[in-house]
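In case you want the letters, here they are:
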Amino acid sequence: MTEEMTAAINKTMENLKRNNMKPYFCNTKQEARELVLSLLKQGDTVTHGGSETLKQIGIIEDLKSGNYNYLDRSKPGLTREQVEEVYRKSYSADVYLTSSNAVTENGELYNVDGNSNRVSAILYGPKSVIAVCGYNKIVKDINEAVMRVKCVAAPKNTVRLNTGTYCSEKGRCVSVDKQTDSLMCDGCHSEGRVCCNYVVSAQQRHKDRIKVIIVGEELGY
C-alpha cells in the first residue's frame, strides 16, 4: 500500500474509535478470517448479510463447522418464507457478520440496501456486529461514499444479481448522468432496484458493539 493509503487507514481507524466503533487492521484476508474466528465463541448464534467480502475471506465455511448456531440464509431448499424467518431471527443473533459499502475517513459506515435486512441488523438487534472491509472501501467522506455506491458497488452487485437495472448496463446510476441535486436517494424506478434504504452509522451509543476490520487487500465491491 502507498503511504497515502496507510495514512487514510490510520485516520479512519482513529475516527471509528472516536465514534465508539472498535477498529482492527489485518494485512491479509487470512488474518482477517482468523481475527473474526477469535471474536466468536463456541455456541454463538451467528449469521450474516449478503457479502462478497465474507465469501472471499472464507469465513462462511467456518460457520458451517458445527461450532456455532449458524442461521444459514442460503441453505439449500429453503422457501422464501423460511429465508424471511432467518432474517427475523437474525435480530436476536449474538454476532452479525457483514461488510460495508463504504467506510469514510471520518469514521462512518455507509450502507445501501434493497431488501434491507442487512442494514436493519447493523442498526439494531444483534449483540455484536463485525464488518470486514477491504481498504478499497475507504473513502474521504459521505459524498464520496455515495458516489462509490452509485459507480462501483451497486453496478457490480446488480450485474451479479442480474437485475437488468440501468446501472447494471451502464456501470453507473442514472442519477449520476442526470446530475440531480438529490443524488443520494435518486435513481432508477425499476423493479430490480437494489438501492432502497440508505444508512449512515456515525457515533454509536453502544460502545464497541460494531467492530470494523480493515484489511490491507482489495475485497468485495
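About the thresholds
By convention here, each chain's residues receive numbers from 1 onward along its written sequence. Predicted model: local features are reported for residues with pLDDT of at least 70 only, side-chain atom pairs are reported and counted for 80 or more only, and whole-chain, interface and lining totals are derived from all residues. Side-chain numbers come from the whole structure's heavy atoms, not from hydrogens or water. Per the convention used, a helix needs a DSSP run of H or I reaching at least four residues, while a strand needs a run of E reaching at least two, with both numbered from the N terminus. For every residue, the accessible area (1.4 Å probe, protein chains only) is compared with the maximum for its type, and the residue is labelled buried under 20%, exposed over 50%, or partly exposed between those bounds. We call two residues in contact when some of their heavy atoms are within 4.5 Å. Two strands pair under a simple rule: DSSP has to find at least two bridges between them. The axes are straight lines fitted to the C-alpha atoms, using for helices just the contacting stretch, and the angles between their N-to-C directions are given from 0 to 180°. When a carboxyl oxygen of Asp or Glu is within 4 Å of a side-chain nitrogen of Lys or Arg, the pair counts as a salt bridge. Points on a 1 Å grid, built from protein atoms alone, make a cavity when a 1.4 Å probe fits but cannot get out and make a pocket when they are open with protein on both sides within 12 Å along at least 5 of 7 lines; residues with an atom within 4 Å of a point are the lining residues. Grid points are joined across faces, edges and corners, and a volume is the space filled by probe spheres set on the points. Note that Gly is not counted as nonpolar here; it falls among the polar residues with everything else outside the nonpolar set of Ala, Val, Leu, Ile, Met, Phe, Trp, Tyr, Cys and Pro and the charged set of Asp, Glu, Lys and Arg.

1. Some words on the environment of alanine 32
Next, step 1: With respect to the element layout, alanine 32 can be found in helix H2 (residues 29-38).
Next, step 2: Overall, alanine 32 belongs to the buried group, its relative accessible area being 0%.
Next, step 3: Between the C-alpha atoms of alanine 32 and cysteine 133, which are 101 residues apart in sequence, the distance is 9.5 Å.
Next, step 4: Setting aside anything within four residues of it in sequence, one finds alanine 32 in contact with Cys26, Val132, Ile213 and Val215.

2. Regarding the sheet that holds strand S3 (residues 69-70)
Next, step 1: Reading across from one edge, S1-S10-S7-S4-S2-S3 is the order of the six strands in this open sheet, with parallel pairing throughout. Looking at the sheet topology across the chains shown, the edges are occupied by strand S1 (22-26) and S3.
Next, step 2: Of the pairings in the sheet, the one linking strand S7 (residues 128-134) to strand S10 (residues 210-215) comprises six bridges and is parallel in character. Residue pairing for S10: valine 129 is matched across the bridge by isoleucine 210.
Next, step 3: Where helix H1 (residues 3-18) meets the sheet, its contacts fall on S1 and S10, and the angle it forms with S1 comes to roughly 155°.

3. Description of the pattern of salt bridges
Next, step 1: The final tally for this structure, using the stated rule, is twelve salt bridges.
Next, step 2: Close ionic contact of arginine 80 with glutamate 84 constitutes a salt bridge, the shortest N to O distance being 2.9 Å. Of this pair, arginine 80 and glutamate 84 both sit in helix H5 (residues 80-90), four residues apart, roughly one helical turn.
Next, step 3: Between aspartate 113 and arginine 118 there is a salt bridge, and its shortest N-O distance comes to 3.2 Å.

4. Things to note about the layout of surface pockets
Next, step 1: By volume, the largest pocket amounts to about 840 Å³.
Next, step 2: Among the elements of the structure, helix H3 (52-57), H5, strand S6 (109-113), helix H6 (117-123) and helix H7 (142-161) are those that each provide at least two residues to the lining of the largest pocket.
Next, step 3: Top element by residues in the lining of the largest pocket is H7. It accounts for six residues.
Next, step 4: Residue classes in the lining of the largest pocket are distributed as eleven nonpolar, 15 polar and ten charged.
Next, step 5: Its boundaries defined by the atoms lining it, the second largest pocket holds a volume of some 150 Å³.
Next, step 6: What lines the second largest pocket is Leu123, Tyr124, Gln203, Gln204, Arg205, His206, Arg209 and Ile210.
Next, step 7: Classifying every residue of the lining of the second largest pocket by side-chain character gives three nonpolar, three polar and two charged.

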